[in-house]
Amino acid sequence: MYKYIISAEQKNMRLDKALVFLLTDMSRTYISKLIDEGKCLVNGKVGKASYKLNENDVVEIDVPEVKELEITKEDIPLEIVYEDKDILVINKPQGLVVHPAPGHYEHTLVNAVLAHTDDLSGINGVKRPGIVHRIDKDTSGLLCIAKNDEAHEGLAEQLKDHSMSRKYIALVKGVIKEKQGEIDLPIGRSRGDRKKMAVDTLNGKPARTFFTIIKRYQEHTLIECSLETGRTHQIRVHMAHIGHPVEGDPLYNKKNATSLYDKGQLLVAYKLHLVHPINKKEMDFEIPLPTYFTDILNRLD
């Protein structure tokens, strides 16, 4: 049972629309189904989707317990950069979702990794075995996967204290004049589109992105980015906010903006630094830019 007390900000919103923003891990269709089935109460009475909320209304929604699905093994090719008995470092291709989620339980990196090895940590449960950190579906690059719980705990601690670091290369629209920059703006769920994140100075979580210019083109800039925090879509949101969205980004480019590339954002996690969680040795990994990225750079040259 989820329980919410409606704030002044949510006053006059329709019940169904308010729940879409409150229950960010559920689809609009599923929320509507729960309301239609009478599983949503407003001040103790069954609520209708069209009900206009008042400040301090008490909204309760009864969400049936979801049974964990068994995630199947799939023979999807993996580019393994490094592997030992404790960790696995993979170069994730563009277009591959990292872990199963509602509506997408197959053809993910987790399905592929399960086919490669049975040794994965169980800390994040059935749907995310071994997954310590993630990158977006259309962002390619380096990911470290834990093969046992001790390794998982060690890697998670490094993420928390920022001793694990990742660097990205991105091609962004427009010419950035500064040699380097820092964007320190909080990020939260977009109020206008629940699929997007946005800079939110009121309710967002702290987010800091650093960038350095690699090369300038006539209408683009190639940059290296590093993150002090790891918010969802962080680089994409921050760069779009300052007027330099990542080239090819389907979410954060302006609707009428033309793109050089239409299969996702030109953003690659190309460097990864970590301390091995078991033997404590420092490890550095680097991959070259994928062909689809270098082809665009060659065109710009």
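Caption draft 1: Region of the structure containing helix 4 (residues 149-161). The end-to-end C-alpha separation of helix 4 is 18 Å, in line with the 18 Å expected for 13 residues at 1.5 Å each. Within helix 4, burial applies to Ala151, His152, Leu155 and Gln158. Buried residues along helix 4 cover an arc of 125° about the axis, so they all sit on one side. Facing away from the buried side of helix 4 by over 90 degrees, the exposed positions are Glu150, Glu153 and Lys160. Turning to helix 4, the residues buried within the fold contact strand 6 (87-92), strand 7 (140-146) and strand 14 (267-275). Of the residues that open helix 4, the one with a side-chain oxygen 3.3 Å from the backbone nitrogen of Glu150 is Asn148. Looking one or two places after helix 4, you find His162, whose phi comes out positive at around 70°.

Caption draft 2: Fine view of unusual backbone geometry. Unlike most non-glycine residues, Asn12 shows phi in positive territory, near 75°. Although it is not a glycine, Lys280 sits at a positive phi angle of roughly 65°. Given the relative accessible area of 54%, Lys280 is considered exposed.

Caption draft 3: View of the confidence of the model for the protein. Confidence in the prediction for the protein averages 88 pLDDT; 92% of positions are at 70 or higher. Across the protein, element-level confidence peaks in strand 15 (residues 282-286) with a mean pLDDT of 98 and bottoms out in helix 2 (residues 28-36) with 83.

Caption draft 4: Local environment of the environment of Asn91. Residue position: Asn91 is located in strand 6. Expressed as a C-alpha distance, the spacing of Asn91 and Val42, which sit 49 residues apart in the sequence, is 48 Å. When near neighbours in sequence (up to four residues on either side) are disregarded, Asn91 contacts Glu79, Val81, Gly141, Leu142 and Ile287.

Caption draft 5: Molecular detail of the sheet that holds strand 1 (residues 2-5). Strand order across the open sheet formed by four strands is 1-4-2-3, with antiparallel pairing between neighbours. Each having just a single partner strand, strand 1 and strand 3 (45-46) make up the two edges of the open sheet. As defined by bridge partners, strand 2 (residues 40-42) adjoins strand 4 (residues 58-61) across three bridges and the pair is classed as antiparallel. The residue bridging Leu41 from the neighbouring strand is Glu60, located in strand 4.

Caption draft 6: Representation of the pairing of strand 7. Burial within strand 7 is extensive, with seven of its seven residues counted as buried. Bridge count between strand 6 and strand 7: six bridges; the pairing is antiparallel. Of the residues in strand 7, the one forming a bridge with Leu88 is Ile145. Direction of pairing for strand 7 relative to strand 14: parallel, over a ladder of two bridges. When the bridges of strand 14 are listed, Gly141 appears paired with Ala269.

Caption draft 7: Representation of the packing of helix 1 (residues 15-22) against helix 2 in the model. The geometry of helix 1 relative to helix 2 is characterised by a closest axis approach of 10 Å and an angle of 130° between their N-to-C directions. Considering the angle they form, helix 1 stands oblique to helix 2. As for the relative orientation of helix 1 and helix 2, their crossing is right-handed in sense. Listed contacts from helix 2 to Leu15, Asp16, Leu19 and Val20 of helix 1 are Arg28, Ile31 and Ile35. Taken together, the residues that form the contact of helix 1 with helix 2 break down as five nonpolar, no polar and two charged.

Caption draft 8: Layout of the pattern of salt bridges. Taken as a whole and assessed by the stated rule, the structure comprises 15 salt bridges. The shortest N-O distance in the salt bridge between Arg191 and Glu9 comes to 2.8 Å. Taken together, the positions of Arg191 in the loop between strand 10 (187-189) and strand 11 (197-199) and Glu9 in the loop between strand 1 and helix 1 put the pair 182 residues apart, joining distant regions of the chain. In this structure Arg191 comes out as partly exposed when scored by relative accessible area, which is 45%. Of the charged contacts, one joins Glu182 and Arg208 as a salt bridge, the two residues approaching to 3.3 Å between their closest N and O atoms. Taken as a pair, Glu182 in strand 9 (residues 180-184) and Arg208 in strand 12 (residues 208-216) lie far apart in primary sequence, 26 residues in all. Looking at Arg208, the relative accessible area reads 25%, which means it is partly exposed. One salt-bridge network, held together by shared partners, links Arg134, Asp136, Arg236 and Asp249.

Quick notes on the rules
Sequence order sets the numbering: in each chain, residues are counted from 1 along the sequence as written. In keeping with the model being predicted, local features are shown solely for residues with a pLDDT of at least 70 and side-chain atom pairs are shown and tallied solely at 80 or more, while totals for entire chains, interfaces and linings include all residues. Hydrogens and water molecules were not included; the side-chain quantities draw on all heavy atoms of the structure. Strands here mean DSSP runs of E at least two residues long; helices mean DSSP runs of H or I at least four residues long; both are numbered from the N terminus. Multiply 1.5 Å by the residue count of a helix minus one, and that product is the helix's expected span. Each residue gets one of three labels from its accessible area relative to the maximum for its type: buried under 20%, exposed over 50%, partly exposed in between, using a 1.4 Å probe on protein chains only. Starting at the helix axis, one direction is taken to each C-beta atom, and the arc is that of these directions. Any two residues having at least one pair of non-hydrogen atoms within 4.5 Å are treated as being in contact. Residues adjacent in sequence count toward polar contacts only when both atoms are side-chain atoms; beyond that, a polar contact is any pair of N or O atoms within 3.5 Å, and within protein one must be able to donate a hydrogen and the other to accept it. Residue-level confidence of the predictor is what pLDDT reports, using numbers from 0 through 100. One requirement defines pairing of two strands: DSSP has to find at least two bridges between them. Where helices are involved, their axes are fitted lines through C-alpha atoms of the stretch in contact, as for all axes, and angles between N-to-C directions lie from 0 to 180°. Any angle that falls under 35 degrees is termed roughly parallel, while one over 145 is termed roughly antiparallel, one within 65 to 115 roughly perpendicular, and all others oblique. Should the near helix be turned counterclockwise from the far one by less than a right angle, the crossing is left-handed, whereas a clockwise turn marks it as right-handed. In this classification, the charged set is Asp, Glu, Lys and Arg, the nonpolar set is Ala, Val, Leu, Ile, Met, Phe, Trp, Tyr, Cys and Pro, and all remaining amino acids, among them Gly, are polar. By convention in these notes, a salt bridge is any Lys or Arg side-chain nitrogen within 4 Å of a carboxyl oxygen on Asp or Glu.

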